[in-house]
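Residue-level structural notes
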Amino acid sequence: MTIFDTIFNNACIEAGFTQYIVYSNKDRDIKTDRHVTTWPALFRQFTEEVRPLFDEQQRYERNMVLYCAHVGFIKATPEDISVNLEDIMDKFVVFREYLRTHKIQVEFTNSPFPQWEVTKVDDYGYVFNLKLTYHKAC
């Protein structure tokens, strides 16, 4: 695990997300590094574009797609879903601030958007497209 991965994992813990690495997402049938048991969950792709910026600060740039999800789309009431989505956004702010305090710049490449498709897991949440800029040693 790299220094970046350690900081990223600690940000998830601080925000109250359980991080899962997604290996496959064929037809919205997500295959992860372990069985998903804790919600809200943050799904992270195992292949992320990382490139050096070759600037004076020797920074790196990482493009990420994160899916912050809750479970129970079919069983939840509209009020429950609304509260859970607001909670996910609040947790994401804590997550982002943790990264920023560790000198990792977080920038949206697209606006966050809700994911409403019913899957085998029966989940819903927000998709975040991010660009993170950081020093190799964070």
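Being a predicted model, the structure only gives us computed values, none of them experimental. (Residues numbered from 1 in each chain as written. Predicted model: local features only at pLDDT ≥ 70, side-chain atom pairs only at ≥ 80, totals over all residues. Heavy atoms only, no water.)

1. Notes on the confidence of the model for the protein chain
Residues with a pLDDT of 70 or more make up 95% of the protein chain, whose mean pLDDT is 90. The element-level mean pLDDT for the protein chain is lowest in strand S2 (residues 29–32), coming to 75, with strand S6 (residues 105–108) highest at 97. (pLDDT = per-residue confidence, 0-100. Helix = DSSP H or I, 4+ residues; strand = E, 2+ residues; numbered from the N terminus.)

2. Observations concerning the pattern of salt bridges
Here the structure, examined in full by the defined rule, presents 11 salt bridges. A salt bridge links Arg51 to Glu61; the shortest N-O distance between them is 2.8 Å. Here Arg51 is found in strand S4 (residues 49–52), whereas its partner Glu61 is found in strand S5 (residues 59–71), with 10 residues between them in sequence. Between Glu107 and Lys131 there is a salt bridge whose closest N-O contact spans 3.7 Å. Pair noted here: Glu107 is in strand S6 and Lys131 is in strand S8 (residues 123–135), with a separation of 24 residues, a long-range link. Three or more residues joined by partner-sharing salt bridges are found here, namely Asp5, Arg44, Glu48 and Arg62. (Salt bridge = Lys/Arg side-chain N within 4 Å of Asp/Glu carboxyl O.)

3. Description of the packing of aromatic side chains
All chains considered together, the criterion is met by 14 aromatic pairs. Ring plane angle 20 degrees and centroid distance 5.9 Å describe the contact between Phe43 and Tyr67, whose orientation is recorded as stacked. Of this pair, Phe43 sits in strand S3 (residues 41–45) while Tyr67 sits in strand S5, placing them 24 residues apart in sequence. You'll find Phe43 and Tyr67 in the same group, each marked buried. Measuring from ring centre to ring centre gives 3.9 Å for Phe92 and Phe128, while their planes differ by 5 degrees; the resulting arrangement is stacked. Residue Phe92 is located in helix H2 (residues 78–101), and its partner Phe128 is located in strand S8; the two are separated by 36 residues in the primary sequence. On the accessibility criterion, Phe92 (2% relative accessible area) is buried. Its relative accessible area of 0% is what places Phe128 among the buried residues. Cluster of aromatic residues (ring-pair linked, three or more members): Phe4, Phe8, Tyr60, Phe92, Phe95, Phe108, Tyr126, Phe128 and Tyr134. (Phe/Tyr/Trp six-rings, centres within 6.5 Å; stacked < 30°, edge-to-face > 60°. Buried < 20%, exposed > 50% of the residue type's maximum accessible area, 1.4 Å probe, protein only.)

4. Focus on the side chain of His70
Here His70 is to be found in strand S5. Residue His70 is classed as buried on the basis of its relative accessible area of 18%. Every residue in contact with His70, bar those within four places of it in the chain, is listed here: Trp39, Pro40, Asn84, Ile88, Asp122, Asp123 and Tyr124. (Contact = heavy atoms within 4.5 Å.)

5. Remarks on the nonpolar core
Of all hydrophobic cores here, the largest spans 27 residues; its most connected members are Phe8, Leu42, Leu66, Phe95, Leu99 and Leu132. Of the residues forming this core, the biggest block, 7 residues, is contributed by H2. Within the second largest apolar cluster, 8 residues are counted, among which are Tyr20, Val36, Ala41 and Phe43. (Core = buried A, V, L, I, M, F, W, Y, C linked by side-chain atoms within 4.5 Å.)

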